[in-house]
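Each chain, written out:
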Amino acid sequence: MAADQRIVIENCSIATVDAHDTEYANGYLVIAGNRIESLGAGRAPEGLENVVRRVDATGHLVTPGLVNTHHHYYQWITRGLATDHNLFNWLVALYPTWARIDEPMVYAAAQGSLAMMARGGVTTAMDHHYVYPKDSGDLSGAIIRAARETGVRFTLARGSMDRSEKDGGLPPDFAVETLEGALTATEATVKEHHDPSFDAMTQVAVAPCSPFSVSTELLRQGAELARRLGVRLHTHGSETVEEEQFCKELFGMGPTDYFESTGWLGEDVWMAHCVHMNDSDIAAFARTRTGVAHCPSSNARLAAGIARVPDMLAAGVPVGLGVDGTASNESGELHTELRNALLINRLGAHREAALNARQALRLGTYGGAQVLGRASQIGSLEPGKLADLVLWKLDTLAHASIADPVTALVLGAAAPVTASFVNGRQIVADNRLLHVDEDAIARATRAEAQRLAQIAGR
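What you see is a predicted model, and the numbers here were worked out from it, not measured in a lab.

Peer 1: Can you help me understand the overall build of the protein in this one?
Peer 2: From N to C terminus, the protein includes 14 helices and 17 strands. A compact globule built from 458 residues would reach a C-alpha radius of gyration of about 23 Å, and the protein, at 21 Å, matches this within 12%. Counting only C-alpha atoms, the protein reaches 70 × 45 × 45 Å along its principal axes. Residues classed as buried in the protein amount to 61% of the 458 residues present. Long-range pairs, those at least 24 residues apart, make up 74% of the contacts in the protein with a sequence separation of at least 6.

Peer 1: I would appreciate a short explanation of the packing of helix H2 (residues 103–118) against helix H3 (residues 139–150) in the present structure.
Peer 2: Two elements in contact, H2 and H3, have axes whose closest approach is 8 Å; the angle formed by their N-to-C orientations is 30°. Relative to H3, H2 is oriented so that their crossing is right-handed. The residues of H3 that touch H2, namely those facing Glu103, Val106, Tyr107, Ala110, Gln111, Leu114 and Ala118, are Leu139, Ala142, Ile143, Arg145, Ala146, Ala147, Glu149 and Thr150.

Peer 1: When you look at the packing of aromatic side chains in this model, what are you seeing that I'm missing?
Peer 2: Describing an aromatic ring pair means giving the distance of the ring centres and the angle of the ring planes. The full count for this structure, using the stated rule, is 10 aromatic pairs. Pairing Phe88 with Phe246 gives two aromatic rings, centres 6.5 Å apart and planes at 80°, and the pair type is edge-to-face. With Phe88 in helix H1 (residues 87–98) and Phe246 in helix H6 (residues 241–251), this pair connects stretches of sequence that are 158 residues apart. Like Phe88, the residue Phe246 is buried in the burial classification. Taken together, the ring pairs connect Tyr74, Trp90, Tyr95, Trp98 and Tyr130 into an aromatic cluster. Note that Arg79 overlies the ring of Trp76, its terminal NZ or CZ placed 3.8 Å from the centroid. It is Arg145 that lies over the ring of Tyr107; its NZ or CZ is 4.1 Å from the centre.

Peer 1: Honestly, the nonpolar core in this entry has me stumped. Any pointers?
Peer 2: Generally speaking, soluble globular proteins have nonpolar side chains that are buried together. The biggest cluster of nonpolar side chains holds 112 residues, and the ones touching the most others in it are Trp90, Trp98, Leu114 and Met312. The element contributing the most residues to this core is H2, with 10 residues. Discounting residues that sit within four places of it in the chain, Met312 has contacts with Cys274, Met277, Ile282, Val292, Ala307, Val317 and Val319. One finds Ile7, Leu29, Leu39 and Leu391 within the second-largest nonpolar core, a separate group that totals 17 residues.

Peer 1: Which parts of the structure should I look at to understand the UniProt feature "domain: Amidohydrolase-related" (unreviewed entry) in the protein?
Peer 2: Following the UniProt record, the feature "domain: Amidohydrolase-related" (unreviewed entry) maps to residues 61–406 here. Strand forms 15% of residues 61–406 and helix 40%; the C-alpha atoms that close the span are 8 Å apart.

Peer 1: Please explain the packing of helix H11 (residues 335–345) against helix H12 (residues 357–371) as it appears in this structure.
Peer 2: Describing two packed helices takes the angle between their axes plus the distance from one axis to the other. At a minimum axis separation of 9 Å, H11 and H12 run at an interaxial angle of 130°. Accordingly, the angle class assigned to the pair H11 and H12 is oblique. In the packing of H11 onto H12, the handedness of the crossing is right-handed. Between H11 and H12, the contacting residues are Leu338, Ala341 and Leu342 on the first element and Ala357, Ala360, Leu361, Leu363 and Gly364 on the second. For the contact of H11 with H12, a count of residues per class yields seven nonpolar, one polar and no charged.

Basis of the calculations
- Each chain carries its own residue numbering, running from 1 in the written order of its sequence.
- Selection of residues for local features in this predicted model requires a pLDDT of at least 70, selection of side-chain atom pairs for listing and counting requires 80 or more, and totals for whole chains, interfaces and linings are taken over all residues.
- To obtain the side-chain values, all non-hydrogen atoms of the structure were used and water was disregarded.
- Per the convention used, a helix needs a DSSP run of H or I reaching at least four residues, while a strand needs a run of E reaching at least two, with both numbered from the N terminus.
- Only the C-alpha atoms count toward the radius of gyration. The rule for a globule is 2.2 Å times the residue count to the power 0.38.
- For each residue, the accessible area found with a 1.4 Å probe, counting protein chains only, is set against the maximum for its type, and the residue is called buried under 20%, exposed over 50%, and partly exposed in between.
- Contact definition: two residues touch when any of their heavy atoms are within 4.5 Å.
- Only the stretch in contact is used when fitting a helix axis, every axis being a line fitted to C-alpha atoms; angles between N-to-C directions are given from 0 to 180 degrees.
- Take the far helix as the reference: if the near one is turned anticlockwise from it by less than a right angle, the crossing is left-handed, and if turned clockwise, right-handed.
- For Phe, Tyr and Trp, rings pair up if their centres lie within 6.5 Å, where Trp contributes its six-membered ring, and each pair is then called stacked (planes under 30 degrees apart), edge-to-face (over 60) or tilted (otherwise).
- Both a distance and an angle decide whether a charge sits over a ring: NZ of Lys or CZ of Arg must be within 6 Å of the ring centre and within 35 degrees of the ring normal.
- Throughout, nonpolar core names a set of buried Ala, Val, Leu, Ile, Met, Phe, Trp, Tyr and Cys residues whose side chains join them through atoms within 4.5 Å.
- UniProt positions are given in the numbering used here, feature names are shortened, and annotations may be inferred rather than shown by experiment.
- An angle below 35 degrees is read as roughly parallel, one above 145 as roughly antiparallel, one from 65 to 115 as roughly perpendicular, and any other as oblique.
- Basically, the charged four are Asp, Glu, Lys and Arg, the nonpolar ten are Ala, Val, Leu, Ile, Met, Phe, Trp, Tyr, Cys and Pro, and anything else, Gly included, counts as polar.

Here is the structure:
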């Protein structure tokens, strides 16, 4: 949409998720080009020029678009496997299959993963892709192409592994890269695809996989590479008790101390899971402003435990939400994580005081923007920010008797998405994607899942 053209959304509840949690029971929002121009209570101002569309959003809640901070798209074509395993056993069971992926499989899996998130309110997505089998094609390019076609804002966390079974790691020997190969390919991906601009649709982060699949040198040199190129860093951290034991046995220290020794704490870093964090670990993350991608459904699916999210937030740690890979969160949707984050954290030490509905919404919006380093651009509805927003339909039977719209969204049934905008461009209408064919994607992902199963001998 041209910069001088406007879309006016009216007659809706609005949760801005700004610094003051400003909300409007009945308000308006004006999009000009790809930015939010104004918003407030009541009707939109009279006399607006170049209004190309007016949306009567009666019965809707408008929120910032959801921001996903951790995912593995390729896992879409291995959903429903190893359903009763802990993390290490699950990885051992699935790595031999994952090591046989190729470009068509990864493209189809990315399409499926992105489609499920986008139709459920995600406007900014990310993918931590770290399996690059030899001669498998342009996997990073395939993922980025799928994101562009879907229309979401996207961060590719270009992952890597160089510690295989022969080195004491978990991946098969043929599923890893060399240290030099991983660093060279990562740098090339950043230089080809990363856009540092304010309204960037594609960014790249440096993302070695995890302590038990990556050498110390790859972590250290990966951090140096990211900072030389001016991009963010991402990895898995403190996900399970077994990981903590692994780090102590191999490195003589726990995961957080190990990460700090390799340069992996800082405001340009975010880590997935962070379930097993003691007070000292949380203090280190707070001191360095290291971010966390909280993945409640995956943590439960793999019996990893309950992350100390209330304590992290109280300490000042930036926390966002993540779907995680769809082999450990088969629904593949982020809006369900709002509810699960609230409910699962109330099973922990803080009980009913752990999180409330507005804190859960903040995790899925502004918190995610913080973690991805884009809080000045997205994550809240404020004039001058990018027009990434969602209209949730809350006037059906599913939410009819819940007076508070934010409570209805977070604790109620999954709300239909009437419209979703990214950069001022609508990508979802009436719970259907506008720019890709969902049915064709379903057929393609089914076919590629079957092909992978045949190749892997499952």
